[in-house]
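Spelled out from the first residue to the last, the chains are:
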Amino acid sequence: MEKRLILRGVLAGAVAGLLAFLFARIFAEPLIGRAIDYESGRDAAQAALDKAAGLAPEAADPDLFSRTVQADVGIGVGMVFFGMAMGALFAIAYAICLGRVGRLRARNLAMLVALGGFLGFYLVPFVKYPANPPSIGHPDTIRERGNLYLVMVGASIVLLVLAVWLGRRLAGRFGNWNATLLAALAYAVVIGVVMALLPSLGELSANVQEFGHHATETPLPLTDAEGRIVYPGFPADTLFSFRFYSVAAQLILWGVLGLVFAPMAERLLAGSAAAERGPAPAAGRVEPAAGA
């Protein structure tokens, strides 16, 4: 049963990843192109400032793949495989919750698990460390940023699981509705404390040393030695649109994952239940009474 659920989760995840990629390719990819153009222009302006100051310009690293390959093949394959991995984890979580979170229909449980995955894996960590397009982020902080994001994702998932457990424990005393509200409140308070304890990206040591104290790593306007702006900061509308479409793409991925997985799981569970019950006994033929 579990293996068949996981197989269906992987299949649903592949479909979800493909649809999320198509959405991102249409709406988010042009914003990535703008961010790359901004980065190229900023690097050229920085090189001009360095040349004027008598500094040797840094050699640019060659691109291993063209933008077309990155945008079509790289991102597409990556999102499909990511969807398959999330589908497998989704199916495992579904199998664990099955029969342990009340009398929910298979379809309803699938959508609730998908909602939990969207919140735990993406939306809550996004609140602390939102997605950024290229040209945002100091090269020396890549490892720190990755580790902090993984800590945030891990804390979000663990606390979400504990919140579900707490809600089930409180349901007998306060009822399902009040227990859900109390568990959600406890989750919000604890995850808020975790967010407060984790540093913002702008406060990482490499960023503080070079740029000073800031909340984010978003590039500020580039200035010359006299303080005149020679290149603007990163466009706020591009940053907002990229983050908005990033959330939308993840919402599509988890929503499609739940919607595709739900009917497959329902049919599988219904077939397993029918097989366990066995064939219905045939009705015996009633013989007429003697002498009737």
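Residues numbered from 1 in each chain as written. Predicted model: local features only at pLDDT ≥ 70, side-chain atom pairs only at ≥ 80, totals over all residues. Heavy atoms only, no water.

Let's talk about the overall build of the protein
So, point 1. Secondary structure summary: the protein contains 8 helices and 2 strands in total.
So, point 2. Its helices and strands taken in sequence order, the protein reads α-α-α-α-α-α-α-β-β-α from the N to the C terminus.
So, point 3. In the protein, which comprises 292 residues, the proportion classed as buried is 34%.
So, point 4. Looking at the protein alone, contacts between residues at least 24 apart form 80% of all its contacts between residues at least 6 apart.
So, point 5. When the accessible surface of the protein is split by element, carbon and sulfur atoms take 66% of a total near 17,800 Å². (Helix = DSSP H or I, 4+ residues; strand = E, 2+ residues; numbered from the N terminus. Buried < 20%, exposed > 50% of the residue type's maximum accessible area, 1.4 Å probe, protein only. Contact = heavy atoms within 4.5 Å. Areas by Shrake-Rupley, 256 points an atom, 1.4 Å probe, with all protein chains shown as cover.)

Description of helix H4 (residues 106-128)
So, point 1. Under the 1.5 Å per step criterion, the end-to-end length of H4 is 33 Å for 23 residues, consistent within 8% with the ideal 33 Å.
So, point 2. Its maximal kink placed at Leu-119, H4 deviates by approximately 40°. (Expected span 1.5 Å × (residues − 1). Bend = angle between axes of the 7 residues up to and from the residue.)

Re the environment of Ala-186
So, point 1. With respect to the helices, strands and loops of the structure, Ala-186 is situated in helix H6 (residues 176-197).
So, point 2. Judged by relative accessible area, which is 28%, Ala-186 ranks as partly exposed.
So, point 3. It is 9.9 Å that separates the C-alpha atoms of Ala-186 and Gly-167, two residues lying 19 residues apart in sequence.

Here we look at the confidence of the model for the protein
So, point 1. For the protein, mean pLDDT is 87; residues scoring 70 or higher make up 89% of the total.
So, point 2. Per-element mean pLDDT across the protein ranges from 80 in helix H7 (residues 205-211) up to 96 in H6. (pLDDT = per-residue confidence, 0-100.)

With respect to the side chain of Ser-246
So, point 1. Within the element layout of this structure, Ser-246 appears in helix H8 (residues 236-277).
So, point 2. The residues touching Ser-246, leaving out its near neighbours within four places in the chain, are Tyr-122 and Ala-131.

Topic: the packing of aromatic side chains
So, point 1. The tally for this structure, following the rule as stated, stands at 13 aromatic pairs.
So, point 2. Ring geometry for Phe-90 against Tyr-94: centres 6.5 Å apart, planes inclined by 25°, an arrangement best described as stacked. Highlighted residues: Phe-90 and Tyr-94, both in helix H3 (residues 67-97), separated by 4 residues, approximately one helical turn.
So, point 3. Judged by its relative accessible area of 2%, Phe-90 falls in the buried class.
So, point 4. Tyr-94 gets classed as buried once you look at its relative accessible area, which sits at 0%.
So, point 5. Ring centres 5.0 Å apart and planes at 75° place the aromatic pair Tyr-94 and Phe-261 in the edge-to-face group. Here the residue Tyr-94 occupies a position in helix H3, and Phe-261 occupies one in helix H8, the gap between them amounting to 167 residues. (Phe/Tyr/Trp six-rings, centres within 6.5 Å; stacked < 30°, edge-to-face > 60°.)

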